[in-house]
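Listed below are the residues making up each chain.
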Amino acid sequence: MPKQIILAAHFPGVNNTTVWSDPRAGSQIEFDSFEYLAKTAERGKFDFFFLAEGLRLREQRGLIHDLDVVGRPDTLTVLTALAAVTTHLGLAGTLNATYHEPYELARQLATLDHLSGGRAAWNVVTSPGAFFGENFRRGGFLDHADRYVRAGEFIETARKLWDTDGGEFAIRNSQFDIRGRFGVPRSPQGHPVILQAGDSDGGRELAAKHSDAIFSRHHQLDDARQFYRNIKDRLPAYGRTEDSLKIIPGVSYVLGDSDADAQEKAHHIRRQQVSPQTAILLLEQLWNTDLSGYDAEGPLPDIDPVLDEDDTIIKGRAGMYPDRLATAAEWRARAEAKNLSIRDLIIEVTGRQNFIGTASRIAEQLNEYVQTDACDGFILVSHLTPSGLDDFVDQVVPLLQERGVFRTEYSGTTLRGHLGLA
Amino acid sequence: MTLHLGVALSGDSFAADDWIRQVREADEAGLDFVTFDDTFGRHGPDAVQVAARVAPLTRHIGLIPVATTTHTEPFHLSTALATLDWVSRGRAGWQVRVSGDPAEAALLGRRAPLQVDALIAEASDAIEVVRRLWDSWEDDAIISDVATGRYIDREKLHYIDFAGEHFSVKGPSIVPRPPQGQPVVAALAHGPQVWDALDADVFFVTPADADDAARKVRTILPEKKIFADIRVGGHIPTDAATFNGTTLQLADLIQNWWSVSGLDGFRLRVSDISDVSDLVTELRRRGLFQTSRHRTLRDRLGLPVAVNRYQEAGRA
């Protein structure tokens, strides 16, 4: 039997992937939008719905970033409400280990697991640094070097609490010192599913030790295969089997009636995603300096990027460019060779859609990724709220089902069951 | 004028169906609100989540979970309650609670318990932060202006810059201003230590009789909505007056208190919603209780439209 594909629906987020300027774009905050996407995913027999968390609005040049979608709901509240309008769909959300505490969060995740009948999942992230800390009691208390220590001990502590089945506990480690009685009996999944997204060596080791799934950013075929092998090879050291940790990259797609039609749509969407203003802003994220005087339809700056990683021009978003000078040189060469404007170049080098084509071509490619161990499934990131997955569910899912690589009905009721996790 | 009627649910069930049945019944009975009890140390689900779980399955009733300020982040409280207001389309409230219990402090493990005065002062700061964050987006901040490429007008988002003894919060919120602007803030209050200190819209008081109720109403600021808590059934002593008797006797008691006290209404503490279904019918028959046609909890309780403090400041 071929490997079964995992599919998840990512609610469009607060970056320029999400096209708010499209006339079909719906609300980013009204519950109807969340309900619509969740029901679409459940109609498509998806494994889970995914919602990211906000701790502070992004800033660029010291001002609140205003070109992308801004604002989103509280993760746990929306996921718990979605349990009321879905029956099988897993409900996954990002919740930050830096600015939550284990007793409260373990209680909330176990509550979600109970109130959803075993569908809760937690994407564990940490946010070191002072920027987010300005909204919270302890400020920027967590050092960058301690981020995986905090995440690891948080997960271990939460699992100990869940294992008490509503009984006594006393836990002490470098981050936490807590004791008493846990107020929640064992939830349907026992342990809500744990996802993790860190990509450094420390992040990979944390995932190998603790995670049920990785929200990966490796989506080029060869790169994804290397990542997959790298992760799965770390598992035996923790006494884990390869199928106990699922690797699920976040990917985007564009469907068309023909391949040419899909390419044309993809280009149109890219231009929507990269307005002239957004092009300059994205360029600033690499250059790390104010480029507001440049024309997006003109050539790239001839100055070099500013190398100050402690004071980056963008706040509230993880660093994306480990070697600014090298990347800038690469971009300049590319722009000169192809005579590209700033906007053209940004359209080419940032966030291009991963899968573009007809439904049958996309189904074939997705299946190839999974059957050749580039991943175990996909978190689909659409560009349109809330209807962005309609075409995928209507056209691609049936083809995957015909191939026998995706469920036609849910066989269980819990997310662990859907994912084939013990 | 009609009296307002809510129920306090304190169940510890983890079965969603138990909550759905009770809150739907309260919704269908036309009650104004239901409160969901909670503490960190209890056996039972998180109350904000229970309210969120039933919100899409009910249509009219206000949903007021208890949430504790003592060990929690005001930022998370504000965004969770704003989101409850979004998922319930304007029916969210918040019953503020503090925790002086050393056993609860040990569960969270962050610091030793505070004295009562300090707990209330911290709760007062938390309410201030939560309220400022709710106002930190003006209602028309989202402009989706294709010509300039701007999704929001950042001039309509506001840093709240709160600095207090126990926390500082920069803002703005991550959540656009909720449908009610300001969801309803409520608190259980046994005396002026609470009702003079907390910026709540609604106080639940615990009078011993009609005269005591009238005294409390006279003491509390006139713009506050005041509800008397009555425990229906049970023999364990509590802070609220406990009523054991027939439905008609309870209706008499409510009618009597209501007519002499100036109370806005009653919150009935029940073991199960079915304990009060006959009472609601009787109060309707007497013309004392009518179901509100308003769609938001603020409107239902007769609270004024919540003016945005930052929008006002900008105009001034």
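Residues numbered from 1 in each chain as written. Chains lettered and ligands numbered in written order. Predicted model: local features only at pLDDT ≥ 70, side-chain atom pairs only at ≥ 80, totals over all residues.

### Quick word on the overall build of chain A
1) Next: Of the regular secondary structure elements, chain A holds 14 helices and 15 strands.
2) Next: Its C-alpha atoms give chain A a radius of gyration of 22 Å, within 12% of the compact-globule value 22 Å for 422 residues.
3) Next: When the 422 residues of chain A are sorted by exposure, 50% land in the buried category.
4) Next: Partitioning the intrachain contacts of chain A with sequence separation of at least 6 by distance along the chain shows that 75% fall at a separation of at least 24. (Helix = DSSP H or I, 4+ residues; strand = E, 2+ residues; numbered from the N terminus. Rg over C-alpha atoms; globule rule 2.2 N^0.38 Å. Buried ≥ 20, exposed ≤ 12 C-beta atoms within 10 Å, placed from the backbone. Contact = placed C-beta atoms within 7 Å.)

### Here's the deal with the pairing of strand E3 (residues 62-68) of chain B
Residues and elements named next belong to chain B.
1) Next: Burial of E3 is extensive: seven of the seven residues sit out of reach of the surface.
2) Next: Residues of E3 alternate between two faces, with Gly 62, Ile 64, Val 66 and Thr 68 on one and Leu 63, Pro 65 and Ala 67 on the opposite face, all of them buried.
3) Next: Where strand E2 (residues 33-36) meets E3, four bridges bridge the pair, whose relative direction is parallel. Considered in E3, the bridge of Phe 36 is made with Pro 65.
4) Next: The parallel pair E2 and E3, bridged by helix H2 (residues 47-54), forms a crossover whose chirality is right-handed.
5) Next: Bridge analysis of E3 against strand E4 (residues 93-97) gives three bridges, and the strand direction is parallel. Within the sheet, the bridge partner assigned to Val 66 lies in E4 and is Gln 95.
6) Next: Handedness of the E3-helix H3 (residues 74-87)-E4 crossover: right-handed. (Pairing = 2+ DSSP bridges. Right-handed = clockwise from strand over helix to strand, strands pointing away.)

### Observations concerning the packing of helix H2 (residues 75-82) of chain A against H3(B)
1) Next: Remark: H2(A) packs on H3(B), axes separated minimally by 8 Å, with the N-to-C direction vectors making an angle of 30°. One way to sum up the angle between H2(A) and H3(B) is to call them roughly parallel. At the point where H2(A) passes H3(B), the crossing takes the right-handed sense. Facing Leu76(A), Thr77(A), Val78(A) and Ala81(A) of H2(A), the residues of H3(B) in contact are Ala80(B), Thr83(B), Leu84(B) and Val87(B).
2) Next: Across the contact of H2(A) with H3(B), the residue classes break down as six nonpolar, two polar and no charged. (Axes fitted to C-alpha atoms, helices over the stretch in contact; angles between N-to-C directions. Parallel < 35°, antiparallel > 145°, perpendicular 65-115°, else oblique. Left-handed = near helix turned anticlockwise from the far one by under 90°. Nonpolar A, V, L, I, M, F, W, Y, C, P; charged D, E, K, R; others polar.)

### Thoughts on the UniProt feature "binding site: FMN" (unreviewed entry) in chain A
Residues and elements named next belong to chain A.
1) Next: Those residues carrying the UniProt feature "binding site: FMN" (unreviewed entry) are Thr 94, His 144, Tyr 148 and Ser 200 in this numbering.
2) Next: Within the secondary structure layout, Thr 94 lies in strand E5 (residues 90-96).
3) Next: Using a count of 19 C-beta atoms within 10 Å as the deciding quantity, one classes Thr 94 as partly exposed.
4) Next: What Thr 94 contacts, discounting residues up to four positions off in sequence, is Ala 52, Glu 53, Thr 75, Asn 123 and Val 125. (UniProt positions renumbered as here; feature names shortened; annotations may be inferred.)

### Looking at the sheet that holds strand E15 (residues 377-381) of chain A
Residue and element names in this part refer to chain A.
1) Next: If you walk around this closed barrel you meet the eight strands as E1-E2-E5-E6-E9-E10-E11-E15, and the pairing is parallel. Adjacent strand axes in the sheet meet at a mean angle of 25° when their direction is disregarded.
2) Next: Here strand E2 (residues 48-51) runs beside E5; their pairing, made up of four bridges, is parallel. Bridged to Phe 48 within E5 is Gly 90.

### As for the interface of chain B and chain A
1) Next: Each partner contributes residues to the interface: chain B has 46 residues there, and chain A has 52 residues.
2) Next: The set of elements that each furnish at least two residues to the side of chain B that touches chain A consists of H2, H3, helix H4 (102-108) and strand E6 (150-152) of chain B.
3) Next: Broken down by element, the side of chain B that touches chain A gets its largest block of residues, seven residues, from H3(B).
4) Next: Partitioned by chemical class, the residues of the side of chain B that touches chain A number 28 nonpolar, ten polar and eight charged.

### A word on the domain arrangement of chain A
All names here are of chain A.
1) Next: What the domain assignment lists for chain A is domain 1 (6-255 + 353-419) and domain 2 (275-349).
2) Next: In this structure, domain 1 and domain 2 have C-alpha centres spaced 29 Å apart.
3) Next: Its residues assigned to classes, the side of domain 1 that touches domain 2 shows three nonpolar, two polar and four charged. (Domains from an automatic or database assignment.)

### Re helix H13 (residues 390-402) of chain A
Residues and elements named next belong to chain A.
1) Next: Taking 1.5 Å per residue, 13 residues should reach 18 Å; H13 reaches 19 Å between its end C-alpha atoms and fits that length.
2) Next: Val 396 marks where H13 bends most, by close to 35°; the proline Pro 398 follows one to four residues later.
3) Next: Of the surrounding secondary structure, the elements contacted by the buried residues of H13 are strand E12 (253-255), helix H12 (359-371) and E15.
4) Next: Of the residues trailing H13, Gly 404 is marked for its positive phi of about 75°. (Expected span 1.5 Å × (residues − 1). Bend = angle between axes of the 7 residues up to and from the residue.)

### What about the sheet that holds strand E4 (residues 63-64) of chain A?
Residue and element names in this part refer to chain A.
1) Next: As summarised here, the arrangement of the three strands in space is E4-E3-E13, forming an open sheet in which the pairing is antiparallel. Edge positions in the sheet fall to E4 and strand E13 (314-315), since each of these pairs with one other strand and no more.
2) Next: Bridging between strand E3 (residues 59-60) and E4 involves two bridges; their strand directions are antiparallel. Within the sheet, the bridge partner assigned to Glu 59 lies in E4 and is Ile 64.

### Focus on helix H8 (residues 259-273) of chain A
All names here are of chain A.
1) Next: With 15 residues, H8 ought to run about 21 Å at 1.5 Å a step, and its terminal C-alpha atoms sit 21 Å apart, in line with that.
2) Next: Ala 262, Ala 266, Arg 270 and Gln 273 are the residues of H8 that are buried. Here the buried residues of H8 occupy an arc of 75° about the axis, which is enough to place them on one side.
3) Next: In this structure, the buried side of H8 is in contact with E12, helix H11 (342-349) and strand E14 (355-357). (Arc of directions from axis to C-beta.)

### Brief notes about the UniProt feature "domain: Luciferase-like" (unreviewed entry) in chain B
1) Next: When the UniProt feature table is mapped onto this chain numbering, "domain: Luciferase-like" (unreviewed entry) sits at residues 7-219 of chain B.
2) Next: Structurally, residues 7-219 of chain B comprises 36% helix and 18% strand, and the distance from its first C-alpha atom to its last is 24 Å.

### Details of unusual backbone geometry
1) Next: Following Thr385(A), the chain continues to Pro386(A) via a peptide bond in cis, the omega torsion being -10°.
2) Next: Structurally, Pro386(A) can be placed in the loop between E15 and H13.
3) Next: Between Gly171(B) and the following residue, Pro172(B), the backbone shows a cis peptide bond with an omega angle of -10°.
4) Next: Topologically, Pro172(B) is positioned in the loop between strand E8 (168-169) and strand E9 (184-188).
5) Next: Unlike most non-glycine residues, Arg89(B) shows phi in positive territory, near 55°.

### Section: the nonpolar core
1) Next: Counting 220 residues, the largest nonpolar core has Phe49(A), Leu91(A), Leu380(A) and Val34(B) as its most contacted members.
2) Next: Each of domain 1 (6-255 + 353-419) and domain 2 (275-349) of chain A contributes no fewer than three residues to this core.
3) Next: Look past the residues within four positions of Val34(B) in its chain and what remains in contact with it is Gly6(B), Val7(B), Leu9(B), Val23(B), Ala26(B), Ile61(B), Leu63(B) and Ile64(B). (Core = buried A, V, L, I, M, F, W, Y, C linked by C-beta atoms within 7 Å.)

### Observations concerning the environment of Phe33(B)
Residue and element names in this part refer to chain B.
1) Next: Of note, Phe 33 is situated in strand E2.
2) Next: Spatially, the C-alpha atoms of Phe 33 and Leu 107 are 31 Å apart, while their sequence positions differ by 74 residues.
3) Next: Contacts of Phe 33, omitting those with residues within four sequence positions, involve Gly 6, Ile 61, Gly 62, Ile 64, Gly 93 and Leu 297.

### What about the pairing of strand E9 (residues 193-196) of chain A?
All names here are of chain A.
1) Next: Bridge analysis of strand E6 (residues 120-125) against E9 gives four bridges, and the strand direction is parallel. Bridge pairing in E9 places Asn 123 opposite Leu 195.
2) Next: Across two bridges, the pairing between E9 and strand E10 (residues 213-216) is parallel. Across the sheet, the residue bridging to Gln 196 is Ile 214, located in E10.
3) Next: In this region the chain leaves E9, passes through helix H6 (residues 201-210) and returns to the parallel neighbour E10; the handedness of that crossover is right-handed.

### Comments concerning the confidence of the model for chain B
1) Next: Summary statistics for chain B give a mean pLDDT of 96 and a share of 99% for residues scoring 70 or more.
2) Next: For this predicted complex, the interface confidence comes out at an ipTM of 0.97, alongside a pTM of 0.96. (pLDDT = per-residue confidence, 0-100.)

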